[in-house]
Amino acid sequence: MIFRAYQLGAVLFYVGLRGNVLELTPPLTLSESDVDAGVAIIDQALTDVTAGMVSDQDIAPFMMW
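Everything quoted here is computed from the prediction, not taken from an experiment. (Residues numbered from 1 in each chain as written. Predicted model: local features only at pLDDT ≥ 70, side-chain atom pairs only at ≥ 80, totals over all residues. Heavy atoms only, no water.)

Check the secondary structure of the chain and you find three helices and two strands. Counting helices and strands in the order they occur from the N terminus, the chain gives α-β-β-α-α. With the C-alpha coordinates of the chain rotated into their principal frame, the extents come out at 35 × 25 × 15 Å. For the chain, the residues scored as buried account for 17% of the 65 residues in total. Carbon and sulfur atoms provide 60% of the accessible area of the chain, an area that totals close to 5100 Å². (Helix = DSSP H or I, 4+ residues; strand = E, 2+ residues; numbered from the N terminus. Buried < 20%, exposed > 50% of the residue type's maximum accessible area, 1.4 Å probe, protein only. Areas by Shrake-Rupley, 256 points an atom, 1.4 Å probe, with all protein chains shown as cover.)

If you want it as structure tokens, here you go:
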């Protein structure tokens, strides 16, 4: 999901003891339209991954980044 979000234009990070938390670090000057765009990217990334559009081979070179 992180990789697909990156492809779509959002930078997210896995954090937490088990890497089970998504960290979003928006700028302090975040506008409402920026929020809408970010949520749309996250939604699209989740939809794409759930639909199987991102293969393990696509993300293998980026594991653990």
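Text resumes after the structure shown.
Take the confidence of the model for the chain next. Of the residues in the chain, 97% reach a pLDDT of 70 or more, and the chain-wide mean stands at 89. Averaged over each element, pLDDT in the chain is lowest for helix α3 (residues 56-59) (84) and highest for helix α2 (residues 32-50) (95). (pLDDT = per-residue confidence, 0-100.)

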